[in-house]
Amino acid sequence: MAQKLIPELLVEDNKFCPGCGHGIVNRVLAEVLEELGLADKAVGSLAVGCGCLMMDTFGTDWVQAPHGRAAAVAVGVKRVRPECCVFTYQGDGDSLAIGFSETMYAAIRNENITAIIVNNGIFGMTGGQMAPTSLPGQRTTTSPKGRDAALTGQPLNIINQMKNLPVGYLARGSVDTAKEINKVKKYIRTGIETQMKGGGYSMIEILSPCPTNWKMTLQNSLDHIRSTVRATYPLGEFVKDGERTDA
Ligand SMILES: Cc1ncc(C[n+]2csc(CCOP(=O)(O)OP(=O)(O)O)c2C)c(N)n1
Ligand code: SF4
Ligand SMILES: [Mg+2]
């Protein structure tokens, strides 16, 4: 019988909806931590959102922060246990709405942690409300006629907010194709390596489908990321070893 190559860190099947991008990000993160020999040294910080479902299924140590505060908690853990690999795992609503201040100040202080932000353009867990990342015209339960950018502002591009700061590593990936998933893995690996060599703050934003709240099939969700979402949120590495790659 074929061997199942599942990382040992994935101790149970995930609890996400079928087709959710969180499951892919979980898998890639588990592979990176194991390949770098960090599985026993990793401490995750999460707060609210569908990502929290991984607390039961992803076998690292976890700290549950209040809504939005995962970065502040991760900073505390890293400062007292600098030998640990400390990461946040958050959705766009949690990290960029109520948690925007904590997310930004960890970057402004160039704290030596790795932030993973799963951008599905919506508040997934609570039923599909508008997030700071929702696209203009995007229909959500709180913008039933489509997001009006004149009223609610333009979508928040967190990499643009951070890329002029003295941070270690910034990248944006997507799980919409196998090729991009491989790049997400490379980005997460580089972010964690940056942290472990004391290279400062690293953040990897990952475009991800929420077929349930987008009310789309998985295929249409992936096509939508490729055809539309990526135009607002371009993919690639933006800061590496503390240097802008596009400067
Ligand atoms: C103090 C507090 N206010 C509001 C909520 C409701 N809440 C739960 S998850 C969430 C945001 C989820 O969106 P996101 O972070 O984008 O994660 P996703 O589920 O989309 O992955 C909110 C506002 C809460 N749990 N606690
Ligand atoms: S609601 Fe959306 S983000 Fe949450 S598990 Fe389902 S597909 Fe994933
Ligand atoms: Mg979200």
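Residues numbered from 1 in each chain as written. Chains lettered and ligands numbered in written order. Predicted model: local features only at pLDDT ≥ 70, side-chain atom pairs only at ≥ 80, totals over all residues. Heavy atoms only, no water.

Asks: Help me understand the packing of helix H1 (residues 21-35) against helix H7 (residues 178-196) in this model?
Replies: Any two packed helices are characterised by the angle at which their axes cross and by the distance between the axes. At a minimum axis distance of 9 Å, the contact between H1 and H7 shows a crossing angle of 45°. Looking at the two axes, H1 sits oblique to H7. In this structure, H1 meets H7 at a crossing whose hand is right-handed. Contacts between H1 and H7 involve Ile24, Val28, Leu29, Glu31, Val32, Leu33 and Glu35 from the former and Ile181, Val184, Lys185, Ile188, Arg189 and Ile192 from the latter. (Axes fitted to C-alpha atoms, helices over the stretch in contact; angles between N-to-C directions. Helix = DSSP H or I, 4+ residues; strand = E, 2+ residues; numbered from the N terminus. Parallel < 35°, antiparallel > 145°, perpendicular 65-115°, else oblique. Left-handed = near helix turned anticlockwise from the far one by under 90°. Contact = heavy atoms within 4.5 Å.)

Asks: Just to check I follow, could you spell out the site of ligand 2 for this structure?
Replies: Taken together, Phe16, Cys17, Cys20, His22, Cys50, Asn120, Gly124, Cys210, Pro211, Thr212 and Asn213 form the complete shell of residues around ligand 2. Counting residues per element, the shell around ligand 2 draws most heavily on helix H8 (residues 211-214), which supplies 3 residues. (Near = heavy atom within 4 Å.)

Asks: Hey, could you run me through the site of ligand 1 in this one?
Replies: Surrounding ligand 1, one finds 15 residues, the nearest of these being His22, Asp92, Gly93, Asp94 and Gly124. Between ligand 1 and the protein, one listed contact pairs an oxygen atom with a side-chain N or O atom of Asn120 at 3.1 Å. Ile122 is positioned with one of its backbone polar atoms (N or O) 3.1 Å from an oxygen atom of ligand 1. Elements with a contribution of two residues or more to the shell around ligand 1: helix H3 (92-98) and strand E5 (122-123). The element best represented in the shell around ligand 1 is H3, accounting for 3 residues. (Polar contact = N/O pair within 3.5 Å; in protein donor to acceptor, adjacent residues only side chain to side chain.)

Asks: Hey, could you run me through the coordination of the magnesium ion (ligand 3) in this one?
Replies: Ideal values for angles at a metal depend on the geometry: 109.5 degrees with four tetrahedral donors, 90 or 180 degrees with six octahedral donors. Donor atoms from the polypeptide that bind the magnesium ion (ligand 3) are Asp92 (OD), Asn120 (OD1) and Ile122 (O), placed at 2.1 to 2.2 Å. Taken in chain order, the donor set of the magnesium ion (ligand 3) reads D-x27-N-x1-I. In this pair, Asp92 is assigned in helix H3 and Ile122 in strand E5, connecting sequence segments 30 residues apart. (Donors = N, O, S within 2.8 Å, 3.2 Å for Na, K, Ca; no water.)

Asks: Sorry, what's going on with the UniProt feature "domain: Thiamine pyrophosphate enzyme TPP-binding" (unreviewed entry) in the protein chain here?
Replies: UniProt's feature table lists "domain: Thiamine pyrophosphate enzyme TPP-binding" (unreviewed entry) at residues 57-184, given in the numbering used throughout. In the segment residues 57-184, helix accounts for 34% and strand for 21%; the C-alpha atoms at its two ends are 21 Å apart. (UniProt positions renumbered as here; feature names shortened; annotations may be inferred.)

Asks: What should I look at first to understand the packing of aromatic side chains in this one?
Replies: Each aromatic ring pair is summarised here by two numbers: the centre-to-centre distance and the angle between the ring planes. Overall, the coordinates contain 2 aromatic pairs when judged by the stated rule. Each ring, one from Phe58 and one from Trp62, has its centre 5.9 Å from the other, and the planes form 65°; the classification is edge-to-face. The class of Trp62 is buried, set by a relative accessible area of 16%. Both rings, one in Trp62 and one in Phe87, keep their centres 5.5 Å apart while their planes meet at 75°; by these two values the pair is edge-to-face. Of this pair, Trp62 sits in strand E2 (residues 61-64) while Phe87 sits in strand E3 (residues 85-91); the two residues are 25 residues apart in sequence, bridging distant segments of the chain. In this pair, the class of Trp62 matches that of Phe87, namely buried. Clustering of aromatic rings is evident, with ring pairs tying together Phe58, Trp62 and Phe87. (Phe/Tyr/Trp six-rings, centres within 6.5 Å; stacked < 30°, edge-to-face > 60°. Buried < 20%, exposed > 50% of the residue type's maximum accessible area, 1.4 Å probe, protein only.)

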